[in-house]
Amino acid sequence: QVQLVESGGGLVQPGGSLRLSCAASGSIYRIYAMNWYRQAPGNQREWVAAITRGGITNLADSVKGRFTISRDNAKNTAYLQMNSLKPEDTAVYYCNANVQEWAGTTSYDYWGQGTQVTVSS
């Protein structure tokens, strides 16, 4: 079994910064793509950022220039650096990872429990 645990959320003023972490643990052979999603109250979950195992990144237009995604494969951890935060960034942020538990087997998607980010003065 694989667990993803997000951390680093909290309350921050507009213009501030936060760094989210997503640590994967359990039965892990290899982690492929890792993603960040977010869901604001009353809204559907939306994709925010992605990073491949090799470090190729992609960001939603709404966060380009403000957010950066990175990962440490040795630590099975992904990060989301969020700068110049806006009230509309307020949401629960979820980590998603495509994980292969054993060599030669199919990889599956796993989700974390989410971490709340609130941007407010």
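Report follows, based on the coordinates. (Residues numbered from 1 in each chain as written. Predicted model: local features only at pLDDT ≥ 70, side-chain atom pairs only at ≥ 80, totals over all residues. Heavy atoms only, no water.)

Among the secondary structure elements, Asn96 is positioned in strand β9 (residues 91-100). Overall, Asn96 belongs to the buried group, its relative accessible area being 3%. The contact partners of Asn96, leaving out residues within four places of it in the chain, are Leu4, Ala33, Met34, Asn35, Tyr37, Asp109, Tyr110 and Trp111. Reaching out from Asn96, the side chain makes a polar contact with the backbone oxygen of Tyr110 at a distance of 3.5 Å. (Helix = DSSP H or I, 4+ residues; strand = E, 2+ residues; numbered from the N terminus. Buried < 20%, exposed > 50% of the residue type's maximum accessible area, 1.4 Å probe, protein only. Contact = heavy atoms within 4.5 Å. Polar contact = N/O pair within 3.5 Å; in protein donor to acceptor, adjacent residues only side chain to side chain.)

Judged from the six bridges that link them, strand β1 (residues 2-7) and strand β3 (residues 18-26) form a sheet pairing that is antiparallel. Bridge assignment links Val5 to a residue of β3, and that residue is Ala23. Across six bridges, β3 lies against strand β8 (residues 77-82) in antiparallel orientation. What sits directly across from Ser21, in β8, is Tyr79. (Pairing = 2+ DSSP bridges.)

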